[in-house]
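# Structural features, examined
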Amino acid sequence: MTILLSRRTMLAAAALLLDAAMPAVAAPADGVALAPHRAVYDLKLLKSHGSRGVASVRGRILYDFSGNACDGYDLKFRQVSELDSGEGKAVLSDLNSTTWEDAQARSFRFSSQNRMNEKAADAVNGQAERRTKTVAINLTKPKPKALSMPATAVFPTEHMRRIIAAARAGTTMLELPVYDGSETGEKLYNTFTLIGKAIPPGAKPPTDATATVPALAKLTRWPVTISYFEQRADSEIQKGEQTPVYVIGFELYENGISRALILDYSDFSIAGEMTSLEMKKEKPCR
């Protein structure tokens, strides 16, 4: 899921406090069909420790996903959250983001606006095009700039499809560089994904909003943990020595729906409970 974009909002807020299954659409070549849906997750503090910990968190994520394997995939994402330091300081953050990615993972468009305490904080806008040897990126915000990423970089929806394909194949680990247009649009993240043992259809029935959609009980899901690392050029850094800047855990259905979120920012972690789930009408391929 592209909740990855929440990383920028939560870390920025913490810095301020301290100084923050449905009938499938036509499937792409990998056989993974993603279900259009609208989900709401309520956020609360799970644990806090260290000098950058927080006293409380409350907020909500709106995740609105649509599209198909012919027209590409649209995502509208909004996260509003309030972090309280417990010392009379609180930061209200509001991130709005829209993205579009074609089903062949050749093109990716992204736009986001972030507000902190009701004041504009930053904005990112741009597009990425996959070429033979590179991924070419053109930014219009925060300032016009052209740059390139390695051709191995994947976009967010492609990343999710690859995780599902790997889970179905029984793969337990997956390493991929991901470009999601977050931060200033100039960062590439190395990701390490751990895929747990499959939860078969009907097992461990959930009690959140996914329980309101009977068809989900017929689908397999997997516990997934994705760690994000800032890409570094230091040749002397050995694999496993770098600390992730962000970790997200969730249960992933084979149609791309995610539940039971855990957002880990090292000094504090947040739980996201799905409180609403609407399956959207599927748009057939033309």
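Just so you know, these numbers come straight off a predicted model, no measurement behind them. (Residues numbered from 1 in each chain as written. Predicted model: local features only at pLDDT ≥ 70, side-chain atom pairs only at ≥ 80, totals over all residues. Heavy atoms only, no water.)

### Section: the nonpolar core
By size, the foremost hydrophobic cluster in this structure holds 49 residues, and its most contacted members are Phe250, Leu263 and Leu277. Not counting residues within four places of it along the chain, the set of residues in contact with Leu277 comprises His37, Arg38, Ala39, Ala209, Thr210, Val213, Leu216 and Ile257. (Core = buried A, V, L, I, M, F, W, Y, C linked by side-chain atoms within 4.5 Å. Buried < 20%, exposed > 50% of the residue type's maximum accessible area, 1.4 Å probe, protein only. Contact = heavy atoms within 4.5 Å.)

### So, the environment of Asn68
Looking at the secondary structure, you find Asn68 in strand S2 (residues 56-68). Exposure remark for Asn68: the relative accessible area of 0% places this residue in the buried category. Each C-alpha atom of the pair Asn68 and Cys285 lies 6.9 Å from the other, and the pair is 217 residues apart in sequence. Looking at Asn68, its side chain comes within polar contact range of the main-chain nitrogen of Cys70, at 2.9 Å. (Helix = DSSP H or I, 4+ residues; strand = E, 2+ residues; numbered from the N terminus. Polar contact = N/O pair within 3.5 Å; in protein donor to acceptor, adjacent residues only side chain to side chain.)

### Digging into the pattern of salt bridges
Under the criterion given, the structure shown has 13 salt bridges. We note a salt bridge from Glu82 to Arg58, for which the minimum N-O separation is 3.1 Å. Of the two residues, Glu82 sits in strand S3 (residues 72-84) while Arg58 sits in strand S2, which places them 24 residues apart along the sequence. The class of Glu82 is partly exposed, set by a relative accessible area of 25%. Each of Asp208, Arg221, Glu251 and Arg259 takes part in one network of salt bridges that share partners. (Salt bridge = Lys/Arg side-chain N within 4 Å of Asp/Glu carboxyl O.)

### Topic: the confidence of the model for the protein chain
When pLDDT is low, close inspection of the predicted coordinates is not appropriate. Looking at the protein chain, pLDDT values average 86 and 85% of them are 70 or higher. Note that residues 1-29 has pLDDT below 50 and, in this model, 120 contacts with residues that lie over four places away or in other chains. Counting contacts from residues 233-239, a segment whose pLDDT is below 50, to residues more than four positions away or on other chains yields 2 contacts. (pLDDT = per-residue confidence, 0-100.)

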